[in-house]
Amino acid sequence: MHKIFQKIIIFLFYFFAFVAFIALSVFFIFIFYKGVNAFSIKLIFDDTPPLDALMLQARVFNGIFNAIVGSFFVVFVSIILALPLGFLSSIYVACYASKNVRFWMGFLCELLSSMPSIVIGLFGLSVTIFLHKNFFAELYPSLLISACSLAILVIPYIIKMTESSLCQIPFSIKNVGLNLGASKTQNLFFVQLPYVSKEILGGIILATGRAVEDTAVIMMTGAVAMAGIPSSIFQKYEALPFFIYHISSEYSSKEQINQGFGAAILLLGVSLFLFATAFALRKIISKRSGFGI
Amino acid sequence: MEFDAIKIEVENLTLSYGKRVVFENLSFDIFPRSITALVGPSGIGKSSFLKILNQMIREEEGLHVEGKVLLHNKGLSVDILKLKECELPSLRKKVLYVAQHPDLLPLSIYDNVAFGLRLQGIGKNDINNRIEMSLRDVFLWDEVKERLHVKADILSGGQQQRLILARALAMRPDVLLLDEPTASLNEELSLKIEDLLISLKQKMTIVMISHFKEQVKRVADVIFEMRLPS
Ligand SMILES: Nc1ncnc2c1ncn2[C@@H]1O[C@H](COP(=O)(O)OP(=O)(O)O)[C@@H](O)[C@H]1O
Ligand SMILES: [Mg+2]
């Protein structure tokens, strides 16, 4: 009886794993099939010569080149903003903060990271309107506003990853440096941070991925359908996820929806690229076994 | 050599965790260039006592220490319980704690020993010399000389225990705090390490915890027994 029961359980495991596998495969094959068919140089650059577009000599009108550039910049700026803030505050929380502060920070991060991103978008928009009305009449939703809002979106991820990995260092390793005469700062930089560098990196990559794919935040804070390449961070811009949303909600021809799939496969490619980067960096780090000193 | 003769005076030392008192009103002297053995049942606070001597105890949450631990060195006396956070690194370079369980970093054998030396800004040649010397001291050199740059975690328990002892010796401390240094060694090696300790006595003050009666009899100049209050 016991044996049969066990067999049924194992069968169920296999079965559901199989279903999940099939579902994922269908998804990937679908996106791939649609995307690869739609994908072409023309999709990205339209009729503009690619080289001219890349050198910013000529403007692309119908391709997704602008969206690629816009996505890249908005994510880049948001990570530049989020990284020091998230990283330093998590080190503070993990190493120096009192129990109370640690609890409340953890609570806030948990809350913030489960918040729908549309709320963060709304917040970014309201702050912009407020600033526009009261202080900077020139300020409109723009790449900078989006980047700030995206930073708010991803900071909790960075804090949670860094802090939890710092707190999970085995007790013996955590204090080895101190025991050998290192100051707290030296111990942090030469022992603790190198020890968790993989996890921290993982957090940053995860945060980047989250920022790339988010639509709600940028939709409310400056991403538009037709903006070209922004010449400053105070301008509106195009972005891949918004492009997909926009084109699939108002498409008028098969070609347009195909463009959507092309953009989708690009996003998939970005995820793949981030994943590969994380993997490669991990390999490099563990080879170097380098504890800074 | 630049080893200093350090005398330690423990006065009314009390250690408690929350409301629970681990030990109370310990008072005794640890003489320079001697081996003091701490013996007593498990859980009585021997390891904690050693961690008080190099103030690693401060890293443990909820523990409370009262009393005085005076360090006499070249006519100067300091109460190490009153040291500021920024003075601890220099204390810990002089008074070195060797843990009971090998606390190696996920680095090579070489880098594990070199770590503390680099922190002190010691040059590469000197580091190499010290590593070879200290590994020879603990009878590990012949076993690892061909693979100094392999990760230290491939070593056996006994080898790791000797490695952390070598790591401490390479730092040339004035006071060496040993927490059951031969617990995972076989008898032959234990005897060799005991001989090493006896020879080290000329240079440094040693406080060790041991569960082996024979060992304590052989090496200790002073035996300090911690007992449960009766
Ligand atoms: N960080 C800590 N938190 C709470 N209790 C502790 C801590 N460290 C040690 N203790 C307690 O203090 C007592 C002494 O521990 P320890 O010094 O390791 O004893 P010994 O080395 O003599 O076996 C034990 O009862 C232990 O449970
Ligand atoms: Mg102990």
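Notes on the structure follow. For clarity, every value in this text was computed on a predicted model and none was experimentally measured.

### Some words on the pairing of strand β1 (residues 6-17) of chain B
Residue and element names in this part refer to chain B.
- Relative to strand β4 (residues 63-73), β1 is paired through 10 bridges, and the arrangement is antiparallel. The partner of E11 across the bridge, within β4, is K68.
- Across 7 bridges, β1 lies against strand β2 (residues 20-30) in antiparallel orientation. Across the sheet, residue V10 finds its bridge partner in β2, namely F28.
- With antiparallel pairing between neighbouring strands as the criterion, β1 and β2 make up a hairpin whose turn holds 2 residues, including G18 at a positive phi of roughly 60 degrees.

### Details of the nonpolar core
- Counting residues in hydrophobic clusters, the biggest one holds 61 residues, and the most contacted among them are L135, L163, L176 and I206 of chain B.
- Among all residues touching L163 of chain B, those that are not within four sequence positions of it are L104, I109, V113, L135, L140, A152 and L155 of chain B.
- With 40 residues, the next largest nonpolar core counts A53, F65, V69 and I158 of chain A among its residues.

### Examining unusual backbone geometry
Residue and element names in this part refer to chain B.
- In this structure, N12 takes a positive phi of about 45 degrees despite not being glycine.
- Topologically, N12 is positioned in strand β1.
- Judged by relative accessible area, which is 44%, N12 ranks as partly exposed.
- In this model, R172 sits at a positive phi of 50 degrees, which is unusual for a non-glycine residue.
- With respect to the element layout, R172 can be found in the loop between α6 (157-170) and β7 (175-179).

Parameters at a glance
- Residues numbered from 1 in each chain as written.
- Chains lettered and ligands numbered in written order.
- Predicted model: local features only at pLDDT ≥ 70, side-chain atom pairs only at ≥ 80, totals over all residues.
- Heavy atoms only, no water.
- Pairing = 2+ DSSP bridges.
- Helix = DSSP H or I, 4+ residues; strand = E, 2+ residues; numbered from the N terminus.
- Core = buried A, V, L, I, M, F, W, Y, C linked by side-chain atoms within 4.5 Å.
- Buried < 20%, exposed > 50% of the residue type's maximum accessible area, 1.4 Å probe, protein only.
- Contact = heavy atoms within 4.5 Å.

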